[in-house]
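Here's the letter readout for the chains.
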Amino acid sequence: MSAPENNHRIDYLEFAATDIEKTKRFYSAVFGWKFEDYGPAYTSFHGRLAGGFYAAGNVQGSGPLVVIYSTGLADTKNKVTAAGGRIVKDIFAFPGGRRFHFADPSGNELAVWSDPE
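Residues numbered from 1 in each chain as written. Predicted model: local features only at pLDDT ≥ 70, side-chain atom pairs only at ≥ 80, totals over all residues. Heavy atoms only, no water.

Draft legend 1. Inspection of the pattern of salt bridges at higher detail. Counted by the stated rule, this structure contains four salt bridges. For Lys-24, the salt bridge identified is with Glu-21, shortest N-O distance 3.3 Å. You can see Lys-24 and its partner Glu-21 sitting in helix α1 (residues 20-31), three residues apart, about one turn around the helix. Exposure remark for Glu-21: the relative accessible area of 40% places this residue in the partly exposed category. The partner of Asp-75 in a salt bridge is Lys-79, with the nearest N and O atoms 3.7 Å apart. In this pair, Asp-75 and Lys-79 are both assigned in helix α2 (residues 73-82), four residues apart and thus about one turn of the helix distant. What emerges from the salt-bridge pattern is a single network uniting Glu-21, Lys-24 and Asp-37. (Salt bridge = Lys/Arg side-chain N within 4 Å of Asp/Glu carboxyl O. Helix = DSSP H or I, 4+ residues; strand = E, 2+ residues; numbered from the N terminus. Buried < 20%, exposed > 50% of the residue type's maximum accessible area, 1.4 Å probe, protein only.)

Right, dumping it as structure tokens:
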């Protein structure tokens, strides 16, 4: 990590989760994420960018919007709702693509985007 190209880059994201096990099931079902537990109150995920979820009594909905890319936007939206997520903003077009926003079971808002049709 001490290489110059790693200096000042975003390296890790953390989210609050009211139920760690439910959160793991949701993100596994929708995005196929894998988790590594560090005790009962923390789990981390790994992929192109790593991060984790920490146990919290409630979740405040402010902060940066995390946006995930999908090659099948409608399919991903269906997986979100089937896994217990809530659609916050339905699919809409923006310059460069389309996206929707969802809330996970703890209330964290994220977005999923795809290329234009």
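Draft legend 2. Region of the structure containing the side chain of Thr-23. Along the polypeptide, Thr-23 turns up in helix α1. When neighbours within four sequence positions are excluded, Thr-23 is seen to be in contact with Ala-17, Phe-53 and Ser-106. (Contact = heavy atoms within 4.5 Å.)

Draft legend 3. Structural detail: the sheet that holds strand β7 (residues 97-103). Strand order across the open sheet formed by four strands is β5-β8-β7-β6, with mixed pairing between neighbours. Looking along the sheet, the strands with just one partner apiece sit at the ends: β5 (66-69) and β6 (86-94). For this sheet, the mean inter-axis angle between neighbouring strands, taken without regard to orientation, is 25°. Where β5 lies against strand β8 (residues 109-114), four bridges are found, and the strand directions are parallel. Within β8, the position partnered with Val-67 by the bridge is Ala-111. Those strands touched by α1 are β5, β7 and β8, and its axis lies near 160° from that of β7. (Pairing = 2+ DSSP bridges. Axes fitted to C-alpha atoms, helices over the stretch in contact; angles between N-to-C directions.)

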